[in-house]
Each structure stands twice: as C-alpha cells, then as structure tokens.
Amino acid sequence: MSEKLERPHEPTGYGGAPSLPKKLTVPDVVAMKKDGRRITMMTASDVGFARLVDRSGIVVILVGDSAGMVMLGYPTTVPVTTDDMVRMAASVARGASHALLVGDMPFGSYQTGPQDALRSAVRFLKEAGMDAVKIEGGHETVDTVRTLVENGISVMAHVGLTPQRVAMLGGFKTQARTARAARRLVEDALALEDAGAFSIVLESIPSPVAEIVTQRLHIPTIGIGAGPSCDGQVLVLHDVLGLFGEFKPKFAKRYADVGSAVVEALRAFDTDVRTGVFPDEEHSFAMKPAELDALKESLARPKAV
Ligand code: KIV
C-alpha cells in the first residue's frame, strides 16, 4: 500500500524540518482521512511521556481513562473520576505542543445527561488544556454529543467494546460479532457522525465490520483491535512499551520491553548502593581542604552562646 509517510507536524530539533512545528487541530485530523493519510493516536497520562509521544510525530494524544488501570492501579476504568482525568490531562498538556489532545470523559461524567456532560467537558478544555473530549457509547450518547458540539466542544466517539460497561458486557470481549449487533454498531456510528462527532474509536470488533463503518463514515475511524481498514490506529502506551504486565489484550502490540530495562537499571542501582560502588567521586561534591579544616576546627571548639 502506498501510505504517505510524511508526518503532519515533524517537530523541530528532533531530526525534523527546520520550520516551526505545527500544532494540529481537529480539522487537520479530519482532513487526513480525505487525504488518505493514516492517523496515529497514542495514550499518555503524564508530562514526561507526553513529551516523548509528541516528539515522535504521533498525531493525536489521548489521555485515556485506561490510565485508571495503568497509572492508578484500578482493575477497570470505572472508578476513575473527572478530577483524576483533569489532573492527568493537564500534565499531558504541559508536555505536548504539536499533537491534537483528546481527554477521555470518565464513567459518571456524562451518563447523567447532556448538561452534566457539558460541565465536565468544559473542565477538560479550560482546566486541562485539551482540544477535544472522547465519550464511550452509541445511540444513547447522541444527544450528549450534539450538545457538546453545539457548544463548541469537539467530540471523539467510541463504540464497540466500551470498557466503562465492562461489567454489563461480561468482560473485555469482542463486540459486534453477529450481523444484528454489527448492524446496530454501524447505525450507532452513523448517528454519532450525524450528531457532530469529528472521529470515532472502534474498539475490539471484527475487521470486516470496521471496514464497513470506515467506508460509510466521512469522519475518521480510529481502530484498536478493529483490523487494518480503519483510518487510524490507537494503542495504550503502557502496552506498547511493555510497562503493564498484568493484562495484555490480543490486539496490543508490544514495541519495546521498557519494563525489563527499568527493572535491570533498578537492580544495578540496588547492587551499587549495597556494595558501596555508588555514589562515587563523579557523583559527589567535594569541599576545599581549607574549608573542611576550618569546619573541623570550629566543631572542636565549644559553641559560643
Ligand atoms: O482509555 C483508553 O485508553 C481508550 C483507548 C483504548 C481508545 O479509550
């Protein structure tokens, strides 16, 4: 396939073009579908990793509520609060200046109605510096998506496996496997596009279903476990880097084993300290001999009152 590989915002100073890197906008990302350029999206939830993701040329940074699992240690995304998300999203925004920033609205922040959703979404833009928000769900979220968009907030939709409903779904299971369920998903996706969503995540659905949705929608589809036909792909950074050992979904590809490198480095530190190898002269501060002598002399004298 003749994928164009130039990056829309090659950052300066990291082997990129000498011109100022461009801050990507929602229309830029939507245009990528029309131009046949694939969209890359990666999660980040802190300033350090946001800097690295931004530097890589990834197009969209998602502050996903999967951070509840990989950063906060919850077994699912359900307990994550808006305060948790806004705090992490603000940290990401301080580290990224090129990628489009999308904040994931957590469970409970939009299910209670469009006005509650609007209040929560405003926090993502005002307090956290996000460019857009993401909402999980199909037809039941259409009114909410419309309200946010009418009030100037760009929305990324999310259908298929929606992890905030993990208990109801009976686990992290592939969705839309029957003709009936797949048809419902196609209709949901069309309704969300009609409500004004600028893109849509398709999570854990059969590849042919994702292909049909991608062909029918004008807005970009971003797949995770949805096969190769989507307009873009997203993964969770901790899965990509091998930083989250407990659970690895079938669709997650590990591109590096950073977790093992971290453990190796920490073991080396532990050994160096225990054996007296660290800190050595190179990592310590010296004192002028005259000052040291003066100190010792002064300590030998009783303290003046
Ligand atoms: O929370 C998240 O990381 C997500 C992605 C998996 C799409 O929603």
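As shown above, the structure is provided for reference.
Residues numbered from 1 in each chain as written. Predicted model: local features only at pLDDT ≥ 70, side-chain atom pairs only at ≥ 80, totals over all residues. Heavy atoms only, no water.

Draft legend 1. Inspection of helix α5 (residues 114–126) at higher detail. For α5, with 13 residues, the first-to-last C-alpha span of 18 Å sits near the 18 Å given by 1.5 Å per residue. Listed as buried for α5 are Ala-117, Leu-118, Ser-120, Ala-121 and Phe-124. In this fold, the buried residues of α5 make contact with α4 (82–95), β3 (100–104), β4 (132–136) and α6 (142–150). (Helix = DSSP H or I, 4+ residues; strand = E, 2+ residues; numbered from the N terminus. Expected span 1.5 Å × (residues − 1). Buried < 20%, exposed > 50% of the residue type's maximum accessible area, 1.4 Å probe, protein only. Contact = heavy atoms within 4.5 Å.)

Draft legend 2. Quick look at the packing of aromatic side chains. Across all of its chains, the model carries 1 aromatic pair by this definition. With centroids separated by 6.0 Å and ring planes inclined at 65°, the aromatic side chains of Phe-269 and Phe-278 adopt a geometry described as edge-to-face. Judged by relative accessible area, Phe-278 falls into the partly exposed class, the value being 32%. (Phe/Tyr/Trp six-rings, centres within 6.5 Å; stacked < 30°, edge-to-face > 60°.)

Draft legend 3. Expanded view of the site of the ligand. The local shell around the ligand consists of Thr-43, Leu-62, Gly-64, Asp-65, Ser-66, Asp-104, Lys-134, His-158, Ile-224 and Val-236. Between the ligand and Lys-134 there is a distance of 2.9 Å, counted from an oxygen atom to a side-chain nitrogen or oxygen. Within the complex, the protein chains bury 95% of what would otherwise be the 260 Å² of accessible surface of the ligand. By residue class, the composition of the shell around the ligand is 3 nonpolar, 4 polar and 3 charged. (Near = heavy atom within 4 Å. Polar contact = N/O pair within 3.5 Å; in protein donor to acceptor, adjacent residues only side chain to side chain. Areas by Shrake-Rupley, 256 points an atom, 1.4 Å probe, with all protein chains shown as cover. Nonpolar A, V, L, I, M, F, W, Y, C, P; charged D, E, K, R; others polar.)

Draft legend 4. Here's a closer look at the packing of α6 against helix α8 (residues 179–195). Where α6 meets α8, the closest approach of the two axes is 8 Å, and the angle between their N-to-C directions is 20°. With respect to their mutual orientation, α6 and α8 come out roughly parallel. At the point where α6 passes α8, the crossing takes the right-handed sense. Between α6 and α8, the residues in contact are Val-142, Val-145, Arg-146 and Val-149 and Ala-191, Leu-192, Asp-194 and Ala-195, respectively. Residues belonging to the contact of α6 with α8 are distributed by class as follows: 6 nonpolar, no polar and 2 charged. (Axes fitted to C-alpha atoms, helices over the stretch in contact; angles between N-to-C directions. Parallel < 35°, antiparallel > 145°, perpendicular 65-115°, else oblique. Left-handed = near helix turned anticlockwise from the far one by under 90°.)

Draft legend 5. Seen up close, the sheet that holds β3. Spatially, 8 strands are ordered β1-β2-β3-β4-β5-β6-β7-β8 in a closed barrel, and the strand pairing comes out parallel. The average angle at which neighbouring strand axes cross in this sheet is 25°, direction not considered. One ladder, built from 3 bridges, connects strand β1 (residues 39–43) with strand β2 (residues 60–63); its direction is parallel. In the strand pairing of β2, Thr-43 is matched with Leu-62. Relative to the sheet, α8 contacts β5 (154–160) and β6 (199–203), its axis offset from that of β5 by approximately 175°. (Pairing = 2+ DSSP bridges.)

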